[in-house]
Amino acid sequence: MSNAAARTRNPTAWAAFWVGLAGLILMPIPLFIGLILGGGLSLVAAVLVVIALLKGLARSGKGIAPVVFAAIFVLLTWGGISIGGGTIW
């Protein structure tokens, strides 16, 4: 692997993507299980989104696409929780 390829990767962005997706998928589980699992993972993903966004902006925007999708997943999870997902569904 060359140095150019190693510098353009943003593994934190991909971690935020997968953790955010897992939170979104687990959020609809009823009886507060989805609230705990999905909500907890979405909080972790939100922190990873901020870190990955700062890393991506420092690298001239490299690896921003997975960060944007992860942020969308986090917002969808929080929106689903706010209307009762994970508690009463």
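Residues numbered from 1 in each chain as written. Predicted model: local features only at pLDDT ≥ 70, side-chain atom pairs only at ≥ 80, totals over all residues. Heavy atoms only, no water.

A few points about the UniProt feature "transmembrane region" (unreviewed entry) in the chain
In this numbering, the UniProt entry assigns the feature "transmembrane region" (unreviewed entry) to residues 12-29, 35-54 and 66-88. Helix makes up 83% of residues 12-29 and strand 0%, with an end-to-end C-alpha separation of 27 Å. A distance of 31 Å separates the end C-alpha atoms of residues 66-88, which is 74% helix and 0% strand. (UniProt positions renumbered as here; feature names shortened; annotations may be inferred. Helix = DSSP H or I, 4+ residues; strand = E, 2+ residues; numbered from the N terminus.)

Remarks on the nonpolar core
Among the nonpolar cores identified, the biggest contains seven residues, and these are Ala13, Ala16, Leu48, Val49, Ala52, Val67 and Ala70. Of all the secondary-structure elements, those providing two or more residues to this core are helix H2 (11-26), helix H3 (33-58) and helix H4 (64-82). At three residues, H3 tops the list of elements feeding residues into this core. In contact with Ala52, other than residues within four places in its own chain, are Asn10, Thr12, Ala13 and Val67. (Core = buried A, V, L, I, M, F, W, Y, C linked by side-chain atoms within 4.5 Å. Buried < 20%, exposed > 50% of the residue type's maximum accessible area, 1.4 Å probe, protein only. Contact = heavy atoms within 4.5 Å.)

Describing H4
Between its first and last C-alpha atoms H4 spans 27 Å; for 19 residues at 1.5 Å apiece the expected length is 27 Å, and the two agree. Along H4, the residues that are buried comprise Pro66, Val67, Ala70, Phe73, Val74, Thr77 and Gly80. Buried residues along H4 cover an arc of 150 degrees about the axis, so they all sit on one side. Relative to its buried face, H4 has exposed residues pointing more than 90 degrees away, namely Leu75 and Ser82. In the core, the buried residues of H4 are packed alongside H2 and H3. Immediately downstream of H4, the backbone of Gly84 shows phi near 110 degrees, a positive value. (Expected span 1.5 Å × (residues − 1). Arc of directions from axis to C-beta.)

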